[in-house]
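Okay, here's what each chain looks like letter by letter:
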Amino acid sequence: MTRHLLDIDDLSHEELLAVLDRCADPATPPQVLAGKGAALIFEKPSNRTRNSTEMAVVQLGGHPIYLKPDEVDIDGRESAEDVARTLACYHSVIAARVFDHGVLQRMAGAVEIPIVNLLSDHSHPLQALADVLTMRAEFEDLAGRTVTWVGDYSNVARSLGLAASMLGMKVRFACPLGYDPPAADLVRFAELGADWAEADVDPKGMVEGADVVVTDAWYSMGQEAEKAVRKPIFEPYRVDAALMSVAAEHAIFLHCLPAHRGEEVTDEVLDGPQSRVWPEAANRLPAARGALEWLLTATVREG
Ligand code: CP
Ligand code: NVA
C-alpha cells in the first residue's frame, strides 16, 4: 500500500514514534532514493522547507527537482491528478506546497507513489515533526508536558496539536474567537491521546505554567489581504517577555519562521535565552529525511 503524509495523523501512534526514531538517527541515511527522483512542487514561497527537503533527498541518495508554481500550474495548465500521474512516471515521491489541501488529496488518489505535504492551508506535518524533535531535545519525555499555542490557529498549529496529542502532551490554544480551533479538532486531540486539550481567548491564562510556548504569523501566505483586519484583533496575542514570564521558568519558545518581528513575537523573545527557533529550523532537515525514508520504506514493505 502506498503511504502518504498529508498530516501527522496519517501515521498511527507507533508509526509516528518510528518516524521520529528515523529522524533522530544520526547514522548514514539508508540510500532509499538511490538513482531515483523526488518532485518538489511549490505553489508558495519557501526557504526552510525547500532547502531542507532538497537536502534530505540528496542525503537519501536521490535527485530533487524543484518545480515552481507557473511551471506546473496545477489545475490551470493541467489537472492536479494529471500533474501527479506525469511526475510519477519519473519520480519515486512527490512533495508539494499548495494553497488547497484538497489538491494533495486528489494527487494521493491518483498515483501509487507517496505524496508529502510541504504545507497546505490545512496542515504542515514536516514542521510538526521538527517541532517535536526540538521539544524532545529539551524534555526527554513529552507526555504530560504542556504546549501552548498563542495567536492564529494556523496550518502549523493544527499539525503541532495532532503530534503533541499523539505524544500525550497537554495542548492549550490562546486564540481570538473566529481564529481558534474548531470544537471537532479539540475532540480529535483528546481522541488521539492528549493529556488535556483546551482553547481560550486569554493568552496569560493559557501560557501560565507552560513548558513550551509557540506562535506563528498573524496572517499566513495567501491571507495578506486580511492584514488590516487581523492586526488589531491579534495585538493582545503578541508573545513578549511579559507573556513568557508567566510560563514555567524552564519554558522554551518555538516559531516555525518566517517571523514577523514586532508583530506576533518581539525580538527580545525571538533572540532571547528561551528561544529554540534555530535548533527548530535546523531540525527541518532530519525531519524531512526521516519522514521520506520511512514513507519510501513503508511503501515498498507494504506494497
Ligand atoms: N517554516 C517553514 O515552513 O518555512 P518556509 O516557509 O520558509 O519553508
Ligand atoms: N502559517 C504560515 C506558516 C509558514 C511556514 C503560512 O502558512 O504562511
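Please refer to the structure higher up on the page.
The paragraphs below set out a description of the structure included in this document.

Analysis parameters
One numbering rule holds for all chains: residues counted from 1, following each sequence as written. Whichever chain is written first becomes A and whichever ligand is written first becomes 1, with later ones labelled in order. Residues qualify for local features only when their pLDDT is at least 70, as the model is predicted, and side-chain atom pairs are given and counted only at 80 or more; totals for whole chains, interfaces and linings, by contrast, use all residues. Working from all heavy atoms in the structure, the side-chain values ignore hydrogens and water. To qualify as a helix, a DSSP run of H or I must reach at least 4 residues; to qualify as a strand, a run of E must reach at least 2; elements of each kind are numbered from the N terminus. Here the globule rule reads 2.2 Å times residues to the power 0.38, and the radius of gyration is calculated from C-alpha atoms. Working definition: with a 1.4 Å probe on protein chains only, accessible area under 20% of the residue-type maximum means buried, over 50% means exposed, and in between means partly exposed. We call two residues in contact whenever any of their non-hydrogen atoms come within 4.5 Å of each other. Exposure was quantified through the Shrake-Rupley algorithm and a 1.4 Å probe, taking into account, for residues, occlusion by the shown protein chains and nothing else. For the charge count, each Lys or Arg is scored as positive and each Asp or Glu as negative, with His and the chain ends excluded. Charged groups are reduced to one reference atom each: NZ for lysine, CZ for arginine, CG for aspartic acid, CD for glutamic acid. Two N or O atoms count as a polar contact when they lie within 3.5 Å, although within protein this holds only if one can serve as hydrogen donor and the other as acceptor, and sequence-adjacent residues are included solely when both atoms are side-chain atoms. Here a cavity denotes grid points, spaced 1 Å and computed from the protein atoms alone, that fit a 1.4 Å probe unable to get out, and a pocket denotes an open set having protein on both sides within 12 Å along at least 5 of 7 lines; residues with an atom within 4 Å of a point are the lining. Grid points are joined across faces, edges and corners, and a volume is the space filled by probe spheres set on the points. Residues are grouped as follows: nonpolar covers Ala, Val, Leu, Ile, Met, Phe, Trp, Tyr, Cys and Pro; charged covers Asp, Glu, Lys and Arg; every other residue, Gly included, is treated as polar. A pair of strands is treated as paired once DSSP finds two or more bridges between them. We call a crossover right-handed when, viewed with both strands directed away from the observer, the connection leading from the first strand over the helix to the second proceeds clockwise. Residues are classed as near a molecule or strand on a simple rule: at least one heavy atom within 4 Å of it. A cavity or pocket is said to hold a molecule if more than half of that molecule's atoms lie within 2 Å of its grid points. Axes here mean lines fitted to C-alpha atoms, for a helix over just the part in contact, with angles spanning 0 to 180 degrees between N-to-C directions.

1. Some details on the overall build of the chain
At step 1: For the chain, the helix and strand inventory stands at 14 helices and nine strands.
At step 2: Computed over its C-alpha atoms, the radius of gyration of the chain comes to 19 Å, within 12% of the 19 Å expected for a compact globule of 303 residues.
At step 3: A buried classification covers 56% of the 303 residues belonging to the chain.
At step 4: If you take every contact in the chain between residues at least 6 apart in sequence, the share linking residues at least 24 apart comes to 76%.
At step 5: On the chain, roughly 12,300 Å² of surface is accessible, and the fraction owed to carbon and sulfur atoms is 53%.
At step 6: Across the chain, the mean location of the 27 positive side-chain charges is 4 Å away from that of the 47 negative side-chain charges.

2. Re the side chain of Thr299
At step 1: Its place among the elements puts Thr299 in helix H14 (residues 284-302).
At step 2: Within the local environment of Thr299, its side chain forms a polar contact with the backbone nitrogen of Arg3, the two atoms lying 3.1 Å apart.
At step 3: Those residues in contact with Thr299 that sit more than four places away from it in its chain are Met1, Thr2, Arg3 and Pro114.

3. Re the layout of surface pockets
At step 1: Of the volumes computed, that of the largest pocket is approximately 360 Å³.
At step 2: Forming the walls of the largest pocket are 23 residues, and the residues nearest its centre are Arg97, Leu119, Met221, Leu257 and Pro258.
At step 3: Of all the secondary-structure elements, those providing two or more residues to the lining of the largest pocket are helix H2 (48-59) and helix H7 (155-166).
At step 4: Looking at the lining of the largest pocket, its residues break down into nine nonpolar, eight polar and six charged.
At step 5: Counted as a void, the second largest pocket has a volume near 200 Å³.
At step 6: Considering the residues around the second largest pocket, the lining is formed by 15 residues, among which Asp121, Ser154, Asn155, Ser220 and Gln223 are closest to the centre.
At step 7: Partitioning the lining of the second largest pocket into residue classes produces four nonpolar, six polar and five charged.

4. A few points about the pairing of strand E5 (residues 146-150)
At step 1: Of all five residues in E5, five are buried; the element is thus mostly enclosed.
At step 2: Covered by surrounding structure in E5 are Thr146, Thr148 and Val150 together with Val147 and Trp149, the residues of both alternating faces.
At step 3: Sheet analysis places E5 next to strand E6 (residues 170-174), joined by five bridges and oriented parallel. Within the sheet, the bridge partner assigned to Trp149 lies in E6 and is Phe173.
At step 4: For the segment spanning E5, H7 and E6, crossover handedness is right-handed.
At step 5: Pairing between E5 and strand E8 (residues 212-215): four bridges, direction parallel. Residue pairing in the sheet places Val147 in a bridge with Val212 of E8.

5. Overview of the site of ligand 2
At step 1: The environment of ligand 2 is made up of Leu119, Ser154, Asn155, Val156, Asp216, Ser220, Met221, Cys256 and Leu257.
At step 2: Take Asn155: an N or O atom from its side chain is 2.8 Å from a nitrogen atom of ligand 2.
At step 3: In the environment of ligand 2, a nitrogen atom lies 2.7 Å from a nitrogen or oxygen atom belonging to the side chain of Asp216.
At step 4: Protein chains shield 93% of the accessible area of ligand 2, which is 260 Å² for the free molecule.
At step 5: Its atoms largely coinciding with the cavity grid, ligand 2 occupies the largest pocket.
At step 6: Its residues placed into classes, the shell around ligand 2 shows five nonpolar, three polar and one charged.

6. Observations regarding the site of ligand 1
At step 1: In the region of ligand 1, the neighbouring residues are Ser46, Asn47, Arg48, Thr49, Arg97, His124, Gln127, Cys256, Leu257 and Arg284.
At step 2: Interatomic distance of 2.8 Å between a side-chain N/O atom of Arg48 and an oxygen atom of ligand 1.
At step 3: His124 is positioned such that a nitrogen or oxygen atom in its side chain is 2.8 Å from an oxygen atom of ligand 1.
At step 4: Here ligand 1 loses 96% of its free accessible area of 260 Å² to cover by the protein chains.
At step 5: One can see that ligand 1 is located within the largest pocket.

7. Examining the sheet that holds strand E1 (residues 37-42)
At step 1: Pairing in this open sheet of four strands is parallel, and the strands run E2-E1-E3-E4 from one edge to the other. Looking at which strands have only one partner, the edges of the open sheet turn out to be strand E2 (63-67) and strand E4 (115-117). In this sheet, neighbouring strand axes are inclined to one another by 20° on average, regardless of whether the strands run parallel or antiparallel.
At step 2: Bridge analysis of E1 against E2 gives five bridges, and the strand direction is parallel. Within E2, the residue paired with Gly37 across the bridge is His63.
At step 3: Against the sheet, helix H5 (residues 101-110) engages E1, strand E3 (93-97) and E4, with an angle of about 165° to E4.

Any link to function would need more than the numbers given here.
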